[in-house]
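Descriptive structure summary
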2 protein chains.
Amino acid sequence: MEIQLLRSLRDKKHREELGLYAVEGDKLVSELVAAGHPFEQIFATPDWRGEATHPVTPEDMARVSHFPTPSPVLAVGRIQRAELSPGELESGLTLALDGVQDPGNVGTIIRVADWFGIDRVLLSPGCADLYSQKVIQSSMGSFARVRALVTPLGAALAGLRAPVIGCALDGRDVRDIPAEPAAVIVIGSEGRGLSEEVRSLLRYSVTIPRVGSAESLNAAVAAAVVCDNLRRVRG
Amino acid sequence: MEIQLLRSLRDKKHREELGLYAVEGDKLVSELVAAGHPFEQIFATPDWRGEATHPVTPEDMARVSHFPTPSPVLAVGRIQRAELSPGELESGLTLALDGVQDPGNVGTIIRVADWFGIDRVLLSPGCADLYSQKVIQSSMGSFARVRALVTPLGAALAGLRAPVIGCALDGRDVRDIPAEPAAVIVIGSEGRGLSEEVRSLLRYSVTIPRVGSAESLNAAVAAAVVCDNLRRVRG
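The model shown is predicted, which means the values in this text are computed figures rather than measured ones. (Residues numbered from 1 in each chain as written. Chains lettered and ligands numbered in written order. Predicted model: local features only at pLDDT ≥ 70, side-chain atom pairs only at ≥ 80, totals over all residues. Heavy atoms only, no water.)

**What to know about the pairing of strand β6 (residues 120–123) of chain B**
Residue and element names in this part refer to chain B. Along β6, one buried face is formed by Arg120 and Leu122 and the opposite face, lined by Val121 and Leu123, is buried too. Pairing between strand β5 (residues 93–98) and β6: 4 bridges, direction parallel. Looking across to β6, one finds that leucine 95 is bridged to valine 121. You can see the chain leave β5, run along helix α5 (residues 103–115) and come back into β6, and the turn it takes is right-handed. Bridge count between β6 and strand β7 (residues 148–150): 3 bridges; the pairing is parallel. (Buried < 20%, exposed > 50% of the residue type's maximum accessible area, 1.4 Å probe, protein only. Helix = DSSP H or I, 4+ residues; strand = E, 2+ residues; numbered from the N terminus. Pairing = 2+ DSSP bridges. Right-handed = clockwise from strand over helix to strand, strands pointing away.)

**Concerning the relation of the copies chain B and chain A**
Aligned on chain A, chain B shows an RMSD of 0.0 Å; the corresponding rotation is 180 degrees and the shift along the axis is 0.0 Å. Expressed as an axis order, the relation between the two copies is that of a two-fold axis. Same-surface contact between copies: 100% of interface residues of chain B are shared with the interface of chain A. (Least-squares fit on C-alpha atoms with pLDDT ≥ 70 in both. Contact = heavy atoms within 4.5 Å.)

**Some words on the packing of aromatic side chains**
Here a ring pair, both rings aromatic, is described through the centre-centre distance and the interplanar angle of the planes. In total, this model carries 6 aromatic pairs over all chains according to the counting rule given. Taking the centre distance of 4.7 Å and the plane angle of 45 degrees together, the rings of tyrosine 21 of chain A and tyrosine 131 of chain A count as tilted. Remark: tyrosine 131 of chain A occurs in the loop between β6 (120–123) and α6 (133–139) and tyrosine 21 of chain A occurs in strand β1 (residues 20–24); sequence separation between them is 110 residues. Both residues of the pair, tyrosine 21 of chain A and tyrosine 131 of chain A, belong to the buried class. Pairing tyrosine 131 of chain B with phenylalanine 143 of chain B gives two aromatic rings, centres 5.7 Å apart and planes at 85 degrees, and the pair type is edge-to-face. Here the residue tyrosine 131 of chain B occupies a position in the loop between β6 and α6 (133–139), and phenylalanine 143 of chain B occupies one in helix α7 (residues 142–145), the gap between them amounting to 12 residues. Of the residues examined, tyrosine 131 of chain B reaches a relative accessible area of 6% and is grouped as buried. Each member of the aromatic cluster is reached from another via a ring pair, and the members are Tyr21, Tyr131 and Phe143 of chain A. If you follow arginine 172 of chain A out to its NZ or CZ, it ends over the ring of tyrosine 204 of chain A, 3.8 Å from the centre. (Phe/Tyr/Trp six-rings, centres within 6.5 Å; stacked < 30°, edge-to-face > 60°. Lys NZ or Arg CZ within 6 Å of the ring centre and 35° of its normal.)

**Description of the sheet that holds strand β8 (residues 164–173) of chain B**
Residues and elements named next belong to chain B. One open sheet holds the 6 strands; their spatial order is β7-β6-β5-β9-β8-β10, and the pairing between them is parallel. The strands lining the two open edges of the sheet, one partner per strand, are β7 and β10 (204–207). Direction aside, the axes of adjacent strands within the sheet are offset by 35 degrees on average. Relative to the sheet, helix α10 (residues 219–234) contacts β5, β8, β9 (183–188) and β10, its axis offset from that of β9 by approximately 160 degrees. (Axes fitted to C-alpha atoms, helices over the stretch in contact; angles between N-to-C directions.)

This is the structure in structure tokens:
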């Protein structure tokens, strides 16, 4: 694989054209490999302790790396575009992200979903790109385990029997959330909240009671508090 | 103030030598000003809608900015080193950060503390620098409202009557946390957990029950879930 091509994978446009993505970093790649994540190619310098498909010199790694200080390993995977099965959202717990643009938040929410045993994470097309290095890095090994799907939320959530529950500033107390056997919890962007389309599909909203003065909570923080409350009442 | 000096404030070493820090960005500076945060100098181009003490040209702003794309405003404040009052930790709720190195996490935790009405945040000297742009940016307006103190945790927490409660992987279920009238909740670094010194001072630890497979939770996420549970049982 050419240096130019590997370097180009930092851009979403090129990732989508090529159907490939790249992740770097000893800890991250090792975690994903240990979690059974399928990579097509693993470029590594002699410093790396894992198994490389493509041994490279530190000089070549410096040329392909997306970082100012290159790590000893860069792994390339094929983008998998999972699709929702019919009726899939009617069972289990789903986190849906409505325009969450910060890649650190998207990755952290994937990790939150993994911790709380959430069955899947939906990303609206306006979210940070699932295959960006920053998203994968923030999700850590959870990227290999959590079922994450990019899909327009309006179509996915319309007509569901399972309740669609928004996280908003004017909902009912999240601590009184019912023990929903199946549910979709929607987290909006910190700046703009939930989109109008999603708001029209909500069964109800929940709010994390505020004692102090902050205007909002970080999206990943809010997602975790809602998941914790739902797990507390529901198991 | 010289361009060279303003530029140097991106480094902790220079901030400490000069006793000054700088924050940039229309939204952030406007929020802090609105929250009554005291700045000594506000450099702004004609594009800024707020009040500037030092009008500058876009060309000068490009020279002082810490960002590749300069914002219309850069505000300079004096570093305030607050100190704990005797007995202060015996009342109210304290979040203590033990070596939380990621500045985004430190800032997000300050915002979490503001949301849940936590009385103060302690940072061990090994935490990310409270006055870095990234910490202030992640805390948003909460930086102006939350009492944050940098202090060695061993000395601050030794001999307290209020319980020191660790957030760890092997504690009691956080959902059964008692309604402590006063408490210090300690959050460790994601990589290394709590330091040995702090562990020896804990009354007990709490754990966020895990249903799935993630190895850990983000530090800010964990702090928020513990705060939410304590507020739920305690008010």
